[in-house]
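# A structural walkthrough
Each chain is listed here by its residues.
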Amino acid sequence: MTNIIAFAGSNSKKSINKQLAIYASSLVDNTNVTVLDLNDFELPLFGVDYEREVGIPENAHKFLQHIKSTDGIIISLAEHNGAYSAAFKNLLDWLSRIEGKTFFGKPMLLMAASTGGRGGASVLAIAKDRFPRHDAKIVTDFSFPLFETNFSDGKIINEELNEQLKKSVDQFHNNL
């Protein structure tokens, strides 16, 4: 059986990106899904002085182990001021201190959801440029705008956007 992880690049307890990641992962047939929450991997603010004095936190190692042991990754990034959330950027900084090629060539469905009309386009552009340098194999991406209008009861209610996501999920699944 194929194993995938799904998570949001957010530490919001009501993360719209986590909701999207969970929904997208539910569309992947014949897989075991592990949903990760950044709140379960709390990390101190990255700094070289902290690393030198204390070392790399255990939660960074635990998160990286999830990536190593999976067959594929579904991630939905929160966009804060046009970039990654601080929580996700901090996690990425710690992970890259352990392993520069953080994503180990695992197939990835890269997404972003937002309450605005651009659907996290800025953070997606940053990630599409940056993640391959960390050995991400971005199979496809999906931008989800106007979350509050287009998502309800745990699923996408806009049929056109739902079909777009299903096509992205199929591409992702075909690369596992």
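Structure: see above.
Below is a summary of the structure that appears in this document. (Residues numbered from 1 in each chain as written. Predicted model: local features only at pLDDT ≥ 70, side-chain atom pairs only at ≥ 80, totals over all residues. Heavy atoms only, no water.)

## A short note on the side chain of Asn90
One can find Asn90 in helix α4 (residues 86-98). The exposure class of Asn90 is buried, given its relative accessible area of 9%. Only 3.0 Å separates the side chain of Asn90 from the backbone oxygen of Pro44, close enough to count as a polar contact. Sequence-distant contacts of Asn90, defined by excluding residues within four places in its chain, comprise Leu43, Pro44, Leu45 and Phe46. (Helix = DSSP H or I, 4+ residues; strand = E, 2+ residues; numbered from the N terminus. Buried < 20%, exposed > 50% of the residue type's maximum accessible area, 1.4 Å probe, protein only. Polar contact = N/O pair within 3.5 Å; in protein donor to acceptor, adjacent residues only side chain to side chain. Contact = heavy atoms within 4.5 Å.)

## Notes on the packing of aromatic side chains
In the structure shown here, the tally under the stated rule is 13 aromatic pairs. With a centroid separation of 4.9 Å and an interplanar angle of 85 degrees, the aromatic rings of Phe46 and Trp94 are classed as edge-to-face. A residue pair is termed long-range when its members are at least 10 positions apart, and Phe46 in the loop between β2 (31-36) and α2 (48-54) and Trp94 in helix α4 qualify at 48 residues. Take Trp94: its relative accessible area is 0%, and that puts it in the buried class. Connected via pairs of aromatic rings, a cluster forms that spans Tyr23, Phe142, Phe144, Phe147 and Phe151. (Phe/Tyr/Trp six-rings, centres within 6.5 Å; stacked < 30°, edge-to-face > 60°.)

## Side note on the sheet that holds strand β3 (residues 72-77)
The strand order across the open sheet built from five strands is β2-β1-β3-β4-β5, with neighbouring strands paired in parallel fashion. Looking at the sheet topology across the chains shown, the edges are occupied by β2 and β5 (137-144). Looking at each pair of strands side by side, their axes are set apart by 20 degrees on average, direction ignored. Alignment of strand β1 (residues 2-9) against β3, held across six bridges, turns out to be parallel. Its bridge partner lying in β3, Ile4 is registered against Gly72. Each of β1, β2, β3, β4 (107-113) and β5 touches helix α1 (residues 16-26); the most contacted strand, β4, lies at about 140 degrees to it. (Pairing = 2+ DSSP bridges. Axes fitted to C-alpha atoms, helices over the stretch in contact; angles between N-to-C directions.)

Everything listed here is a matter of coordinates, which is why it stays silent on function.
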